[in-house]
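Residues per chain are reported as follows:
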Amino acid sequence: MGNASPRISSVDGDIKEGGTLTISGAGFSALKVEEVLYDHVSNQETYDTLSSGSDVPVNDGPWSEGTNIYGNQLTVVKSGDLRTSHSSAAYYGEVKSYVGWPRVLSGATNQKLYASWWFKPSQLANNGGSNKFIRVWDRSDGTATRISLTQMHMTYSGTSGNSHTSWGTTQPDANRWNRFEFYVDSGSNSITATLNGKVVQNVNDFRKSNTSEGLSVAQIGFDPSEGNRYPNYSFRMNDIYVSSSPARVELSSSDTWDPTSKREILTPTSWSDNKVTVTLNYFSHDPSDTLYLYVIDSSGNPTATGIPLCDKCPGRPESVRVE
């Protein structure tokens, strides 16, 4: 990351659930909103007519591939633990189950990839094997860049074709919602993975393969190398954000940037270097709390301090201006 940070000068709009916020400032850098997928499951029209427990369709919808014959198809569930009071559906998987290849990145040439998702497993992935939570590739046949994050290491290969291994534990807690983040930057040769705001993998010797294909999520979910070690493993997954850039807007419980604070990504609808519009959704936040808005630029730099937002504060202004 560089030293420069984006700067917010004002925030205008309806400070309420579903409201549109316009954030003005400088140094926001670039984001192609057409290359952003924010999958809340409940916001996918393809799933509207599905009954709870139905397989995730891959002939239509946000993802173009599923588990197929290799394991159990991911399903859409519409009851049980749906992460937040604003959720009405989630993904559910058993043993080996995943989706991949978001359609928004089909044909893209992006050299960066940022992904964030929430994952609630029924047990720890600590019974051996190499158990993948995400795979990032560029070519769909797997012959070029390959990155895998597992419970015990991260493996990655690219230009040289040689596979590298970075050892380190990535163990999402059982029976609670965990937030994964995964950021690949070919320009800085880096890969960073975090779990619940804490860095679990960080390498700077990655080299993307010299191909025209951009980076994409080949698999996201749970893919054990030996499924028989996890016969009772199940998980829920929701609020999957995938983008060709780490540039985004987050709502945080902390007035200074703290990766371990309660954070939620907001949906971008337009983006330029000095103006961003987003949809305000609180997700796990309480709207009566004072919350703080951050803009993160295309190098992963957040605004230095958060801009306070409060839906139910007495006498709150319709806009917030920064002096």
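Our subject is the structure listed above.
The structure contained in this document is the topic of the report that follows. (Residues numbered from 1 in each chain as written. Predicted model: local features only at pLDDT ≥ 70, side-chain atom pairs only at ≥ 80, totals over all residues. Heavy atoms only, no water.)

**Things to note about the overall build of the chain**
Counting its regular elements, the chain contains zero helices and 24 strands. When the backbone C-alpha atoms are referred to their principal axes, the chain occupies close to 60 × 45 × 35 Å. Counted over contacts in the chain with a minimum sequence separation of 6, partners at least 24 positions apart contribute 66%. Total accessible area computed for the chain in this model is approximately 13,300 Å², and 45% of it derives from carbon and sulfur atoms. Put simply, the chain has 27 plus and 34 minus side-chain charges, and the middle of one group is 3 Å from the middle of the other. (Helix = DSSP H or I, 4+ residues; strand = E, 2+ residues; numbered from the N terminus. Contact = heavy atoms within 4.5 Å. Areas by Shrake-Rupley, 256 points an atom, 1.4 Å probe, with all protein chains shown as cover. Lys, Arg positive; Asp, Glu negative; His and termini not counted. Charge placed at Lys NZ, Arg CZ, Asp CG, Glu CD.)

**Remarks on the pairing of strand 14 (residues 178-185)**
Buried residues dominate strand 14, accounting for eight of its eight residues. Burial along strand 14 is two-sided: N178, F180, F182 and V184 and R179, E181, Y183 and D185, pointing in opposite directions, are all buried. Both strand 9 (residues 112-121) and strand 14 contribute to a ladder of eight bridges, which runs antiparallel. When the sheet's bridge partners are listed, L113 is paired in strand 14 with V184. When strand 14 meets strand 15 (residues 190-195), the two strands line up antiparallel, connected through six bridges. What sits directly across from Y183, in strand 15, is T192. The loop that links strand 14 with its antiparallel partner strand 15 comprises four residues; one of these, N189, has a positive phi angle of about 55°. (Buried < 20%, exposed > 50% of the residue type's maximum accessible area, 1.4 Å probe, protein only. Pairing = 2+ DSSP bridges.)

**Focus: the packing of aromatic side chains**
This structure, assessed with the given rule, holds 14 aromatic pairs. Between the aromatic rings of F119 and F235, the centroid separation amounts to 5.0 Å while the plane-to-plane angle is 25°, which identifies the pairing as stacked. Placement of F119 in strand 9 and of F235 in strand 18 (residues 234-243) is noted, with a sequence separation of 116 residues between them. F235 shares its class with F119; the two are buried. Aromatic side chains F222 and Y233 sit 3.8 Å apart centroid to centroid with 10° between the ring planes, which places their arrangement in the stacked category. Taken together, the residues F222 in strand 17 (residues 216-224) and Y233 in the loop between strand 17 and strand 18 connect sequence positions 11 residues apart. (Phe/Tyr/Trp six-rings, centres within 6.5 Å; stacked < 30°, edge-to-face > 60°.)

**A closer look at the sheet that holds strand 13 (residues 164-167)**
Spatially, 5-8-17-10-11-12-13 is the arrangement adopted by the seven strands of the open sheet, whose pairing is antiparallel. At either margin of the open sheet sits one strand with a lone partner, and together these are strand 5 (63-66) and strand 13. Ignoring strand direction, the axes of neighbouring strands in this sheet form an average angle of 15°. (Axes fitted to C-alpha atoms, helices over the stretch in contact; angles between N-to-C directions.)

**Quick look at the pattern of salt bridges**
Overall, the coordinates contain 15 salt bridges when judged by the stated rule. The partner of K208 in a salt bridge is D138, and the shortest N-O contact between them spans 3.1 Å. With K208 in the loop between strand 16 (198-203) and strand 17 and D138 in the loop between strand 10 (131-137) and strand 11 (146-150), this pair connects stretches of sequence that are 70 residues apart. With respect to class, K208 is no different from D138; both count as buried. Ionic pairing is found between R179 and E250, a salt bridge with its closest N-O pair at 3.1 Å. Here the residue R179 occupies a position in strand 14, and E250 occupies one in strand 19 (residues 248-252), the gap between them amounting to 71 residues. Among the residues examined, R179 registers a relative accessible area of 5% and is labelled buried. (Salt bridge = Lys/Arg side-chain N within 4 Å of Asp/Glu carboxyl O.)

**Considering the nonpolar core**
Judged by nonpolar contacts, the single largest core of 42 residues is most densely connected at W63, Y91, W117 and F182. Looking at this core, the elements with two or more residues in it are strand 9, strand 10, strand 11, strand 12 (153-157), strand 14, strand 15, strand 17 and strand 18. Aside from chain neighbours lying at most four places away, what touches F182 is L113, Y114, A115, W117, I134, V136, I147, L149, M154, I191, T192 and A193. Among the nonpolar cores identified, the runner-up in size contains 28 residues, and Y114, Y241, F283 and L293 belong to it. (Core = buried A, V, L, I, M, F, W, Y, C linked by side-chain atoms within 4.5 Å.)

**Details of the environment of W257**
Tracing the chain through its elements places W257 in the loop between strand 19 and strand 20 (263-271). Its relative accessible area of 24% is what places W257 among the partly exposed residues. Residues W257 and Y292, spaced 35 residues apart in sequence, show a C-alpha to C-alpha distance of 9.2 Å. In this structure, W257 is in contact with R248, E250, R263, Y294, I296, P302 and A304, ignoring residues within four places of it in sequence.

**So, the pairing of strand 9**
Of all 10 residues in strand 9, nine are buried, a share of seventy percent or more. Summarising the sheet, strand 9 and strand 18 pair through seven bridges and their orientation is antiparallel. Each residue of the ladder has a partner; that of W118, found in strand 18, is N238.

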